[in-house]
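Read off the chains here:
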Amino acid sequence: MSLKRSVLVFLSLALVLSFGAATLAQDTTLTMLTHWGTEDQLAAQQAIIDAYMAEHPDVVIELVTVDFGELRAKIITGRTAGISADVYHFYHLWLPDFVNAGVLAEPPQDSLTYIDENVAQGTIDAVSTSDGQTWGYPTEVNPYLLVYNKRLLAEAGYDAPPANWEELKEIAAAITQVDDSGAISQVGLGVMPGWDSGIVHPFSALLFSNGGNYLSADRAMAEFNSPQGIETLQLYADLVASGGTDASINGLANFPSGTVGMVIMAPWWRATLRAAEGVDFETEVGVAEIPVGPSGDAPSSIAYTWLFAVDSSSPNKPAAWDFIHWMNAEHNDGAGSAIGDFLVNALGAIPSFNHDQAAFADSMSDHYVSAFVAASAYARPEQIVAGGQEIKTLLQAEIEAVLAGMTTPEDALASVEMQANAILEEQRMMAEE
Amino acid sequence: MSKDEHSLPQSAARALKYLVLAGGAFLMVFPFVWMMIASVMTAGEIQMRPPVWLPAQPQFDNYSELARSIPIGRLYFNSLFTSGIIVLGVLLSSSLAGFAFAKYRFPGRELLFYLILATMMIPFFVTLIPVFFIVRQLGWIDTYQGLVVPGLASAYGIFLMRQFMVTVPDELLDAARIDGASEPMIYWRIVIPLVKPALATLGTFTFIGAWNNFLWPLLVLNSRELFTLPLGINSLRSLYADNTNLLMAGTAVAVVPMLLLFVFLQRYFIKGIALTGLKG
Amino acid sequence: MKSSWWMPDIPKSAVLRRRMFWAYVFVAAPVVALLVFLAGPILFSGWVSLHRWDMLSPVGDMPWRGLQNYVFLLTRDTIFIKALGNTFLFAIGGVGANTILGLGFALLLNSRIRGRTVWRVLYFMPVITAPLALAVMFSFIFDRNYGVVNNVITALGLPRQPFLSGPHQALMTLIFIAIYQYVGYYIVIFLAGLQGIPQDYYDAAQVDGAGNWQAFRFVTLPLLRPVMLFVVVTNTIGALQVFDLVFATTGGAPANSSMTVVLHMYNTAFKFSRMGRASAMAFILFAIIMLITVMQVRLLRDRAYQD
């Protein structure tokens with residue numbers, strides 16, 4: 001009896017709960033999933049949503065945020081659970097996987113035309129699959145540059161950042177300080193182990209500045225296992241050997257406290273650096289182009305992108321695209337878009353749309369962001385391919401192994417290349433099946 | 001050998017004993033104490049060289065800042081509510097099934113019981129994804145039901161309750177039957193009161209497990225309004241990656257009330273836990 | 001007809017049959033729940049492990065892969081093989097230390113001692129704390145630059161250690177945290193076991209002229225075998241499935257030197273969208289756990305009978 005009763009009580013409770021959620025479903029309800037979850041970011045996004053809803057009283061928009069680390073899993077599990085959001089904001093590397101699995105809806109022609117007319121081709125490519133189909137509105141563009149601590153460089157006797165790898169090695173070794181206990185208290189070049197982008201993106205930036213490639217142009221084969229790639233990993237090994245780098249001192253965590261000389265990082269770091277206590281943003285933080293390797297002839301870089309897209313199972317696709325368009329389009333000449341404003345002023349990131357880059361040029365004119373804006377003109381978009389996240393994770397582990405002195409550059413790249421090509425081959429077969 | 005020990009001055013041996021215990025206890029308590037201290041430091045004090053051991057001025061503002069940025073009450077309610085329902089469910093289902101396995105003969109009894117024993121060894125990850133699919137079929141993703149229902153029956157619980165109920169004398173049950181008690185009444189009036197210590201054990205165990213569970217809520221919940229404490233702590237990790245003092249304040253808020261509750265109820269907690277080793 | 005071990009006679013009397021009816025009522029809900037949430041999922045996982053599946057395509061469209069996932073894992077997935085080794089080390093270190101320390105401190109607490117309750121409470125505190133909270137606390141405590149452990153070490157004039165960020169120390173540090181977390185639990189279990197040993201046995205041993213060590217060796221240890229079995233088996237099963245702690249401290253870094261099997265499963269499933277391979281991994285882990293458990297039960301039980 002008591003079991004039956006408790007089951008009944010439970011079921012009715014469940015019903016009440018689910019009805020409670022369902023009563024909100026008046027008019028058109030759109031759910032937007034993003035990873036911008038801090039208090040300020042939530043408030044800024046809510047302001048955009050409120051403004052849209054004021055103009056569109058028949059649309060209700062709900063914002064759901066998850067941490068970046070769980071975003072991909074949430075999109076996938078939400079899909080399988082049949083409770084997917086209508087609007088996603090996600091990292092473009094996942095685009096091919098999502099497209100192959102039919103997660104995304106194709107944008108309407110109006111949107112495609114608008115994107116075509118207002119975004120640089122390289123950024124459009126970054127949110128398009130290899131068949132040329134564009135899948136959404138690109139948002140932040142994040143190129144990588146050498147961020148350095150002017151004070152530490154000066155103390156080591158250098159008044160300019162390194163322009164090539166020889167200088168990089170020399171300056172890094174000079175900055176590193178070993179304290180009385182024989183331990184490193186200050187390190188020249190900080191790396192960011194444990195974070196896939198924090199390892200693979202700086203590696204790619206150096207690789208490109210050494211004339212190398214990540215994947216072949218048709219994205220069918222891995223190309224990082226080249227003489228240029230081995231030279232790049234050898235640079236890591238040399239830096240570790242000379243003490244210029246130490247994997248146990250995380251650049252991301254320690255540069256703000258003033259114990260790391262240089263880190264290869266992205267523009268959105270600005271907020272952290274401004275608040276940093278160990279380094280003065282205005283006077284001590286410098287930004288330089290990626291040092292050029294022995295086989296390269298000019299500084300290059302890598303840039304990654306995020307995009308807004310619509311779920312293919314959304315019952316309100318036109319409304320979802322309308323909302324995305326409204327957020328990204330410029331409504332008054334020279335005013336920029338709502339998302340542009342958010343990206344630049346709340347995040348310190350570089351927006352994709354030309355009108356935003358123009359409208360918020362002033363906010364991006366400080367010595368820090370302006371350098372990244374300049375780099376975004378030549379930085380190569382991260383090549384996206386199905387299985388790309390897995391390849392990136394494998395490469396991350398091998399680079400970390402080189403930093404830890406557990407393997408050689410040759411072995412590391414040969415091993416990832418083999419696995420990466422197997423993944424690419426498998427993805428091709430899957431696509432044909 | 002034993003002679004040597006006796007020849008040691010008794011007081012020295014005793015002192016050594018207390019020293020070892022105190023050393024161990026210090027190691028156990030220190031991380032919590034350090035978390036509390038760091039939670040009232042400024043960000044600068046945490047990074048100070050040479051290191052500082054105490055804040056110049058305790059920054060209780062850290063806690064008010066924390067309260068502004070995460071819904072602590074909500075997290076506590078969710079954790080308490082879901083853990084509570086799971087405990088009730090496990091106690092009810094385990095005691096019912098354990099009672100049947102211990103005190104009734106019915107076709108299929110042995111087979112079912114061995115099946116249940118076998119499932120105790122399965123790594124939770126084997127069932128993780130399929131259970132996720134079942135929960136999805138039921139439309140329970142991102143709901144309390146989805147979080148709670150898969151945990152309502154426990155193979156371990158059934159096993160434990162059966163072990164305890166076997167020791168209840170059959171004569172008691174028969175006497176009750178002669179007095180006209182129905183089978184459910186026997187369960188509720190006779191058996192349950194007799195196995196209260198075992199229920200306390202199972203309840204404690206289940207509660208700790210449900211309270212600390214992380215992977216399942218991480219998968220099944222999307223809305224921050226439904227988040228439990230471990231998910232709250234997980235969000236803090238990225239929210240306060242650069243603010244160790246606030247991160248420690250958040251962790252303290254999640255951990256300390258539970259510790260206080262434990263200190264008050266420690267007698268029941270520990271008695272319950274101790275039983276599992278003997279009956280399991 | 002004689003009743004077999006699994007199928008007793010159906011009772012003829014109506015009273016007994018009514019009783020049987022109630023037995024089925026009592027077991028129905030829990031057994032159905034276990035079938036739905038345990039047995040069914042196990043079969044489904046086994047089926048998925050023979051396919052390639054990204055979790056996004058319909059279940060019916062999964063391409064068949066036979067044993068390819070298993071073959072790949074055991075021959076070519078270097079991370080999995082690394083993670084297996086790490087997980088074994090984690091289990092051996094954690095279980096070994098927890099058994100020895102748990103028993104040692106239980107013996108101390110079982111001797112004439114003041115404030116037994118207080119000691120027990122102090123040692124038990126980490127047990128009831130969420131692993132995730134401990135992970136956050138220890139990430140800070142063992143931090144290379146600002147961690148209090150390094151502050152103490154350097155104050156003593158010793159070299160700073162990377163701990164969780166060092167390729168040769170990360171796993172060791174995780175083992176330490178796991179010991180810290182669970183030792184109190186095993187102290188309580190062992191203490192209960194010790195208190196269950198009748199004083200007569202020790203008196204008899206003393207009459208036979210046994211010293212402390214001999215009493216421990218020939219009375220305490222043999223009588224503690226069932227408790228020991230419980231501790232070793234449950235601790236091993238738990239340690240082989242460690243997830244929360246690693247997820248929230250190192251995430252397997254650096255260079256997968258602290259990667260564990262379940263964390264790699266999680267990544268394979270949700271980062272790489274390879275549900276089939278993740279399921280195969282779960283089954284390999286299941287087989288390993290079964291094997292180890294059976295071995296442990298054999299070893300500790302047989303010796304219990306010998307004594």
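Residues numbered from 1 in each chain as written. Chains lettered and ligands numbered in written order. Predicted model: local features only at pLDDT ≥ 70, side-chain atom pairs only at ≥ 80, totals over all residues. Heavy atoms only, no water.

1. Considerations on the overall build of chain C
Helix and strand content of chain C: 12 helices and zero strands. In sequence order, chain C lays out its α and β elements as α-α-α-α-α-α-α-α-α-α-α-α. Taking 2.2 N^0.38 as the reference for a compact globule, 307 residues should give roughly 19 Å; the C-alpha atoms of chain C span a radius of gyration of 25 Å, well beyond that estimate. Along the first, second and third principal axes, the C-alpha atoms of chain C reach 70 × 65 × 35 Å. Buried positions account for 59% of the 307 residues belonging to chain C. For chain C, the proportion of contacts with a sequence separation of at least 24, taken over those separated by at least 6, is 64%. Within the structure as shown, chain C displays about 13100 Å² of accessible surface, and the carbon and sulfur contribution to it stands at 67%. In chain C, the 23 positive side-chain charges and the 11 negative ones have mean positions that sit 3 Å from each other. (Helix = DSSP H or I, 4+ residues; strand = E, 2+ residues; numbered from the N terminus. Rg over C-alpha atoms; globule rule 2.2 N^0.38 Å. Buried < 20%, exposed > 50% of the residue type's maximum accessible area, 1.4 Å probe, protein only. Contact = heavy atoms within 4.5 Å. Areas by Shrake-Rupley, 256 points an atom, 1.4 Å probe, with all protein chains shown as cover. Lys, Arg positive; Asp, Glu negative; His and termini not counted. Charge placed at Lys NZ, Arg CZ, Asp CG, Glu CD.)

2. Side note on the pairing of strand β10 (residues 302-310) of chain A
All names here are of chain A. Within β10, nine of the nine residues are buried, leaving the element largely enclosed by the surrounding structure. Residues Ile302, Tyr304, Trp306, Phe308 and Val310 line one face of β10 and the alternating positions Ala303, Thr305, Leu307 and Ala309 line the opposite face, and both faces are buried. Both strand β3 (residues 87-91) and β10 contribute to a ladder of five bridges, which runs antiparallel. Paired with Tyr91 across the strands is Trp306, a residue of β10. In this sheet, β10 lies alongside strand β4 (residues 137-143) in antiparallel orientation, the contact comprising five bridges. Following the sheet pairing, Pro138 is matched in β10 by Leu307. Sheet topology note: the β10/strand β12 (residues 380-381) ladder contains two bridges and is parallel. Bridge pairing in β12 places Ile302 opposite Arg380. (Pairing = 2+ DSSP bridges.)

3. Things to note about the interface of chain C and chain B
Between chain C and chain B, the residue contacts involve 91 residues of the former and 94 residues of the latter. Taking both partners together, chain C and chain B bury about 8700 Å²; carbon and sulfur atoms supply 81% of that area. Together, Phe26, Phe37 and Ile128 of chain C form the three largest contributors to the area buried by chain C at its contact with chain B, with a combined 9%. Where Glu183 of chain B meets Arg19 of chain C, a salt bridge forms, and the shortest distance between an N and an O atom there is 3.9 Å. Seen at the junction of chain C and chain B, the total is nine residue pairs in polar contact (both at pLDDT 80 or more). For the side of chain C that touches chain B, the per-class residue count stands at 73 nonpolar, 12 polar and six charged. (Buried area = accessible area lost by both parts, 1.4 Å probe. Salt bridge = Lys/Arg side-chain N within 4 Å of Asp/Glu carboxyl O. Polar contact = N/O pair within 3.5 Å; in protein donor to acceptor, adjacent residues only side chain to side chain. Nonpolar A, V, L, I, M, F, W, Y, C, P; charged D, E, K, R; others polar.)

4. Observations regarding the packing of aromatic side chains
Under the defined criterion, the tally for this structure stands at 62 aromatic pairs over all chains. Centre to centre, the rings of Trp36 of chain A and Phe308 of chain A are 6.4 Å apart; their planes meet at 70°, and the pair counts as edge-to-face. Taken together, the residues span a long stretch of sequence, with Trp36 of chain A in the loop between β1 (28-34) and α2 (39-55) and Phe308 of chain A in strand β10 at a distance of 272 residues. There is no split in this pair, since Trp36 of chain A and Phe308 of chain A are both buried. The interplanar angle of 80° and the centroid separation of 6.2 Å between the aromatic rings of Phe132 of chain B and Phe133 of chain B together place this pair among those described as edge-to-face. Judged on exposure class, the residue Phe132 of chain B and its partner Phe133 of chain B are both buried. (Phe/Tyr/Trp six-rings, centres within 6.5 Å; stacked < 30°, edge-to-face > 60°.)

5. With respect to the environment of Leu245 of chain C
Residue and element names in this part refer to chain C. Relative to the helices and strands, Leu245 is located in helix α10 (residues 244-248). The exposure class assigned to Leu245 is buried, which follows from its relative accessible area of 5%. As a C-alpha pair, Leu245 and Phe37 span 208 residues in sequence and 25 Å in three-dimensional space. Beyond its immediate sequence surroundings of up to four residues, Leu245 is in contact with Ala135, Leu174, Ile177 and Ala178.

6. Here's the deal with the sheet that holds strand β8 (residues 260-265) of chain A
Residues and elements named next belong to chain A. Read across the sheet, five strands follow the order β6-β7-β8-β5-β9 without closing on themselves; strand pairing throughout is mixed. Each edge of the open sheet is held by one strand with a lone partner, namely β6 (177-178) and β9 (285-288). Pairing of strand β5 (residues 145-149) with β9 involves four bridges; the strand directions are antiparallel. Following the sheet pairing, Leu146 is matched in β9 by Ala288.

7. Here's the deal with the interface of chain B and chain A
Contact residues are listed per partner, giving 29 residues for chain B and 23 residues for chain A. Around 2200 Å² of area is buried between chain B and chain A when both sides are counted, 61% of it from carbon and sulfur atoms. At the surface where chain B touches chain A, the tally comes to one salt bridge. Notably, a salt bridge pairs Arg224 of chain B with Asp67 of chain A, separated by 3.9 Å at the nearest N-O pair. The interface formed by chain B and chain A holds six residue pairs in polar contact (both at pLDDT 80 or more) in total.

8. A closer look at the nonpolar core
Ranked by size, the top nonpolar core spans 312 residues in total, and within it Phe90, Leu104, Phe224, Met262 and Tyr368 of chain A carry the most contacts. Of the residues forming this core, the biggest block, 17 residues, is contributed by helix α7 (residues 170-195) of chain C. Setting aside chain neighbours within four positions, we find Leu104 of chain A in contact with Tyr88, Phe90, Leu95, Phe98, Val99, Trp135, Ala309, Val310 and Ser312 of chain A. Counting residues in hydrophobic clusters, the runner-up holds 30 residues, among them Leu30, Val87, Met327 and Leu343 of chain A. (Core = buried A, V, L, I, M, F, W, Y, C linked by side-chain atoms within 4.5 Å.)

9. Structural notes on the domain arrangement of chain C
All names here are of chain C. As assigned here, chain C comprises domain 1 (14-48) and domain 2 (77-306). The centre of domain 1, based on its C-alpha atoms, is set 34 Å off from the matching centre of domain 2. The partner domain 2 presents four residues to the four residues of domain 1 that form the contact. Both sides together, the interface formed by domain 1 and domain 2 hides about 300 Å², and carbon and sulfur atoms give 76% of it. A per-residue breakdown of the area domain 1 buries against domain 2 is headed by Ile42, Ser45 and Val48, which together make up 88% of the total. (Domains from an automatic or database assignment.)

10. Description of the packing of helix α5 (residues 72-103) of chain B against helix α14 (residues 229-239) of chain B
Residues and elements named next belong to chain B. Packing of α5 against α14 brings their axes to within 8 Å, and their N-to-C directions diverge by 145°. Note on element contacts: α14 touches α5 through Leu229, Pro230 and Gly232, opposite Leu75, Tyr76 and Ser79. Of the residues that constitute the contact of α5 with α14, the class distribution is four nonpolar, two polar and no charged. (Axes fitted to C-alpha atoms, helices over the stretch in contact; angles between N-to-C directions.)

11. Looking at helix α9 (residues 212-239) of chain C
Its 28 residues give α9 of chain C an end-to-end C-alpha distance of only 33 Å, which falls more than 12% under 40 Å, the value for a rise of 1.5 Å per residue. In α9 of chain C, a bend of some 55° at Arg225 of chain C exceeds every other bend along the element, and Pro226 of chain C, a proline, comes one to four places later. (Expected span 1.5 Å × (residues − 1). Bend = angle between axes of the 7 residues up to and from the residue.)

12. Section: the packing of helix α3 (residues 78-110) of chain C against helix α4 (residues 116-124) of chain C
All names here are of chain C. Their axes nearest at 10 Å, the elements α3 and α4 cross at an angle of 160°. For the element pair α3 / α4, the angle class is roughly antiparallel. Relative to α4, the crossing made by α3 is right-handed. Residues Phe105, Leu109 and Asn110 of α3 touch α4, and the partners they reach there are Arg116, Trp119, Arg120 and Tyr123. Residues belonging to the contact of α3 with α4 are distributed by class as follows: four nonpolar, one polar and two charged. (Parallel < 35°, antiparallel > 145°, perpendicular 65-115°, else oblique. Left-handed = near helix turned anticlockwise from the far one by under 90°.)

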